[in-house]
Amino acid sequence: MQRAFIVILTFSLGSGAAPRYICTYYDVVEYLNISSHSKVHAHILPKTDLKEPVEVKMDFMLMAILSVEWKNTFATWNPQDFCNISKVILPMESYWSPPIFILERVNGQKPNLDYMGVTHNGTFNSTQPFQATLTCSLMIFKFPFDTQTCNLSIASFLYPVTDLVMKTKRAPADMMRDSQSYFLTDGEWKFTNLSIIEYMENLDDGQFSVVTYMISMERRPTLYILNLILPTCALYLLDMAVLFGPSSLEEKINFQIAIILGSSMLAVILNNILPTSSNRPPVIVVFFLGTFLLMIMAVFDTFFLLHQQHKSLYVDKVLRSFQQDVHTKLATRATNNQSTKHLAKDGAQQPNLPKKAQEKGQPAKRHWQPQEQDPFLPVLEKVLLYSHFFLSLVFFAIIFTKWSS
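Peer 1: Any chance you could break down the nonpolar core for me, citing the residues and the numbers?
Peer 2: Membership of the largest hydrophobic core comes to 38 residues, with the highest contact counts inside it found for Tyr95, Leu194 and Tyr213. The residues touching Tyr95, leaving out its near neighbours within four places in the chain, are Leu32, Ile34, His41, Ala42, Asn72, Ala75, Leu90, Met116 and Phe124. Membership of the second largest hydrophobic core comes to 23 residues, among which are Phe143, Leu228, Met240 and Phe288.

What follows is the structure in structure tokens.
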């Protein structure tokens, strides 16, 4: 806290009044005539040349706006006249300050720092770290490998460009370096770039100066890869292993249905954490939907092979039964013929049938065994499995291309 010095006036009877030393901030304020001037100076644009606009310089950091700087030629003094006092702190209402608007602001938190610094050459500097909550349009097509860009536009629509021009105080590289040093590095987002655009906005019948800070943020995908993408890929590899495994078709179907249920749980988790968007569906949604459909297709392939297997066994059983019936009838007929011939030759004697004749009466040798399968089934199974494998490779190649583009 600064304290004003007491000015002591001394008189001399012989030589008159002694000189007064002007070494206090009060003297500077009194020289600027702030204590006695009206409030008009706080509302009038400090402009001496009607052709030259007042230049307002903005300083920015990712966490907050640091300072606003402008010049007022009506508030100058010579520091040598005031014991080298070159800067004073004054209330904001003492002089004119630029009315600044943040176009994308939704909610803000402004500290109670209603003071500004004034230097001897008329430079005003208002330092107010204003924190604003912005509305950004999310582009989550490549989630979780997405990069978002948020704009912060600062303008003063009360004065056209002929009276006031918005400029940046520092270079974008310096602002980016300070923003990276203050920004949290262990969160979900990674600050990648800061660019500045200065342009004129046409509004009604005039042009107004606007400064836009373009903030680029990159999402950290590690958590989503470990919790969603890798488990889904593992389940799909397990599904492929079951599909190409040596188990029976019934066991394959049971395993595949269990894997599909596990994939459905991951889809529910994705639905809870995925940001809503009205644009085209993100790549990760297509990835989950595609793997789910491929798993369903593998179940259908197994069902189809199981149906063909049962159909082949049924046809084999019918043909085997038909063959047994035909050979039984032929053997019975041959036996009857032989018996008739021997009865005609030998009378009532019962002939002893030769061994070959007895063998002719036996059922014929089986050509279809219950364990035998249709030779078409292994070929069909290989065609379905390798077609499914090739389709999976094409699908994952497309997903990888979209994520990496």
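Peer 1: How would you explain the sheet that holds strand β6 (residues 101-102) if you had to name every residue and give the values?
Peer 2: Strand order in this open sheet of 4 strands is β6-β10-β13-β12, and the pairing throughout is antiparallel. Two strands lie at the open edges of the sheet, namely β6 and β12 (189-203), each paired on one side alone. Bridge count between β12 and strand β13 (residues 206-219): 14 bridges; the pairing is antiparallel. Note that in β13 the partner of Leu194 across the bridge is Ile215.

Peer 1: Give a detailed account of the pattern of salt bridges, specifying residues and quantitative values.
Peer 2: Applying the stated criterion across every chain yields a total of 9 salt bridges. With its nearest N and O atoms 2.7 Å apart, the salt bridge here joins Lys47 to Asp163. Of this pair, Lys47 sits in the loop between α1 (25-31) and β3 (54-60) while Asp163 sits in the loop between β10 (147-155) and β11 (164-168), and the two are 116 residues apart along the sequence. Because the salt bridges share partners, they merge into one network encompassing Asp146, Glu188 and Arg219.

Peer 1: A description of the packing of aromatic side chains should follow, citing residues and the corresponding values.
Peer 2: Counted according to the given criterion, the structure contains 15 aromatic pairs. With centroids separated by 5.9 Å and ring planes inclined at 75°, the aromatic side chains of Trp96 and Tyr159 adopt a geometry described as edge-to-face. Here the residue Trp96 occupies a position in the loop between β5 (87-91) and β6, and Tyr159 occupies one in the loop between β10 and β11, the gap between them amounting to 63 residues. Trp96 gets classed as buried once you look at its relative accessible area, which sits at 2%. According to the relative accessible area criterion, Tyr159 is buried, its value standing at 16%. A ring pair is formed by Phe287 and Trp403, whose centres lie 5.7 Å apart and whose planes are at 50°; its orientation type is tilted. Here Trp403 lies in helix α7 (residues 376-404) and Phe287 lies in helix α5 (residues 283-346), a separation of 116 residues in the sequence. Owing to a relative accessible area of 14%, Trp403 belongs among the buried residues under this scheme. One aromatic cluster is present, formed by Phe145, Tyr236, Phe287, Phe288, Phe395, Phe396 and Trp403 through successive ring pairs.

Peer 1: Kindly report on the pairing of strand β9 (residues 123-134), identifying the contributing residues and their values.
Peer 2: As defined by bridge partners, strand β8 (residues 115-119) adjoins β9 across 2 bridges and the pair is classed as antiparallel. Among the inter-strand pairings, Val118 is bridged to a residue of β9, identified as Phe124. Linking two consecutive strands that pair antiparallel, namely β8 and β9, is a turn of 3 residues; a positive phi of about 90° is found at Gly122 within it.

Peer 1: Summarise unusual backbone geometry; cite the residues concerned and give the values.
Peer 2: With an omega of 5°, the peptide bond between Phe143 and Pro144 qualifies as cis. The phi dihedral of Asn84 falls on the positive side, at around 65°, and the residue is not glycine. Examined against the element boundaries, Asn84 turns out to sit in the loop between β4 (65-71) and β5. Taking relative accessible area as the criterion, Asn84 reaches 59% and is therefore assigned exposed.

Peer 1: Let's hear about the environment of Glu218: which residues, and what values?
Peer 2: On the secondary structure map, Glu218 appears in strand β13. The spatial distance from the C-alpha of Glu218 to the C-alpha of Asp146 is 6.3 Å, given a sequence separation of 72 residues. Residues within four places of Glu218 in sequence aside, it is in contact with Asp146, Thr147, Glu188, Trp189, Lys190 and Thr192.

Thresholds, definitions, all that
- Residues numbered from 1 in each chain as written.
- Predicted model: local features only at pLDDT ≥ 70, side-chain atom pairs only at ≥ 80, totals over all residues.
- Heavy atoms only, no water.
- Core = buried A, V, L, I, M, F, W, Y, C linked by side-chain atoms within 4.5 Å.
- Buried < 20%, exposed > 50% of the residue type's maximum accessible area, 1.4 Å probe, protein only.
- Contact = heavy atoms within 4.5 Å.
- Pairing = 2+ DSSP bridges.
- Helix = DSSP H or I, 4+ residues; strand = E, 2+ residues; numbered from the N terminus.
- Salt bridge = Lys/Arg side-chain N within 4 Å of Asp/Glu carboxyl O.
- Phe/Tyr/Trp six-rings, centres within 6.5 Å; stacked < 30°, edge-to-face > 60°.

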